[in-house]
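What follows is each chain in one-letter form.
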Amino acid sequence: MWKLWISEEKILVINAYSILRQGNYVDAEEAFDDILNKNKNNYEALWGKICSHHGIVFVENNDKIYPTFHDIVDINFLEEEGFKRFLSICPEKLKKVYINLAKRIEISIINKF
């Protein structure tokens, strides 16, 4: 029988994203902060913290992922300090994916204003 091993940190990240998806942005940001206090280089937690901070949740529709906003603000997401830090710790092979997600956020923000 195979055993699936998931680290405690990964479980905490999964739980924090669950809180974010429920729309509890403050609680989610705190959960991500707790993870980052233990491991400042956890890129998944940092992305979650950034999304929580800005009230952003991604939803899937027809096999595409779209950002939704709880409290949209006029920011330059690609230039946001948290996102720049995120890019500095994100694995190279995933940077393009996250840059594309950030661009989708930017487009959505521009379309709202």
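Sequence order as written defines the numbering, with residues in each chain counted from 1. Confidence filtering applies because this is a predicted model: local features only for residues at pLDDT of at least 70, side-chain atom pairs given and counted only at 80 or more, and all residues used for totals across whole chains, interfaces and linings. Side-chain measures were taken over the full set of non-hydrogen atoms in the model, leaving aside hydrogen atoms and water.

(A) Structural view of the packing of aromatic side chains. Here is the rule: rings of Phe, Tyr and Trp (six-membered ring for Trp) pair when centre to centre is within 6.5 Å. Planes less than 30 degrees apart are stacked, more than 60 are edge-to-face, and the remainder are tilted. For the coordinates displayed, the defined rule picks out 10 aromatic pairs. On the basis of an interplanar angle of 65° and a centroid distance of 4.9 Å, the ring pair of Trp47 and Tyr98 is categorised as edge-to-face. Note that Trp47 is positioned in helix H3 (residues 43–54) and Tyr98 in helix H5 (residues 92–112), a separation of 51 residues in sequence. Here Trp47 matches Tyr98 in class, with each residue buried. Feature note: the residues Tyr43, Trp47, Phe58, Phe77, Phe83, Phe86 and Tyr98 constitute an aromatic cluster, connected by ring pairs. Put simply, DSSP marks the helices as runs of H or I at least four residues long and the strands as runs of E at least two long, and each gets a number from the N terminus on. Burial status follows relative accessibility: with a 1.4 Å probe on protein chains alone, a residue under 20% of its type maximum counts as buried, one over 50% as exposed, and anything between as partly exposed.

(B) Fine view of unusual backbone geometry. Its identity is not glycine, yet Asn62 carries a phi of approximately 55°, on the positive side. In this fold, Asn62 is placed in the loop between strand E1 (56–61) and strand E2 (64–69). When its relative accessible area of 69% is taken as the criterion, Asn62 is described as exposed.

(C) Layout of helix H2 (residues 25–38). The end-to-end C-alpha distance of H2, which contains 14 residues, comes to 20 Å, matching closely the 20 Å that a straight helix rising 1.5 Å per residue would cover. Burial in H2 covers these residues: Tyr25, Ala28, Glu29, Ala31, Phe32, Ile35 and Leu36. All buried residues of H2 fall inside an arc of 160° around its axis, so they share one side. Among the exposed residues of H2, those oriented more than 90 degrees off its buried face are Val26, Asn37 and Lys38. How far a helix is expected to stretch is found by multiplying one less than its residue total by 1.5 Å. As used here, the arc is the angular range of directions from the helix axis to the C-beta atoms.

(D) Layout of the pairing of E2. Strand direction decides the pairing type here: E1 and E2, joined by six bridges, are antiparallel. What sits directly across from Ile56, in E2, is Phe69. The pairing criterion for strands is at least two bridges between them, as found by DSSP. A loop of two residues connects E1 with E2, the two strands running antiparallel in sequence, and Asn62 in this loop sits at a positive phi of about 55°.

(E) Looking closely at the environment of Leu20. Relative to the helices and strands, Leu20 resides in helix H1 (residues 8–21). Taking relative accessible area as the criterion, Leu20 reaches 4% and is therefore assigned buried. For the pair Leu20 and Val57, spaced 37 residues apart in sequence, the C-alpha to C-alpha distance is 7.1 Å. Whether two residues touch is decided by their heavy atoms; if any such pair falls within 4.5 Å, the residues are in contact. Contacts of Leu20, omitting those with residues within four sequence positions, involve Tyr25, Ala28, Phe32, Gly48, Cys51, Ser52, Ile56 and Val57.

(F) A look at the packing of H3 against helix H4 (residues 81–89). One can describe the packing of H3 onto H4 by two numbers: an axis separation of 9 Å at closest approach and a directional angle of 165°. Between H3 and H4, the interaxial angle falls into the category roughly antiparallel. When you trace H3 past H4, the crossing you get is left-handed. Contacts between H3 and H4 involve Tyr43, Leu46, Trp47 and Ile50 from the former and Gly82, Phe83, Arg85, Phe86 and Ile89 from the latter. The axes used here are C-alpha line fits, helices contributing only the stretch in contact, and every angle between their N-to-C directions lies in the interval 0 to 180 degrees. Angles below 35 degrees are treated as roughly parallel, those above 145 as roughly antiparallel, those between 65 and 115 as roughly perpendicular, and all remaining angles as oblique. A clockwise turn of the near helix away from the far one marks a right-handed crossing, whereas an anticlockwise turn of less than a right angle marks a left-handed crossing.

(G) Summary view of the confidence of the model for the protein. Confidence scores here are pLDDT values: one per residue, from the predictor, ranging 0 to 100. When pLDDT is averaged along the protein, the result is 88; 90% of the residues meet or exceed 70. At the level of individual helices and strands, the protein shows its lowest average pLDDT in E2, which scores 77, and its highest in H2, which scores 97.

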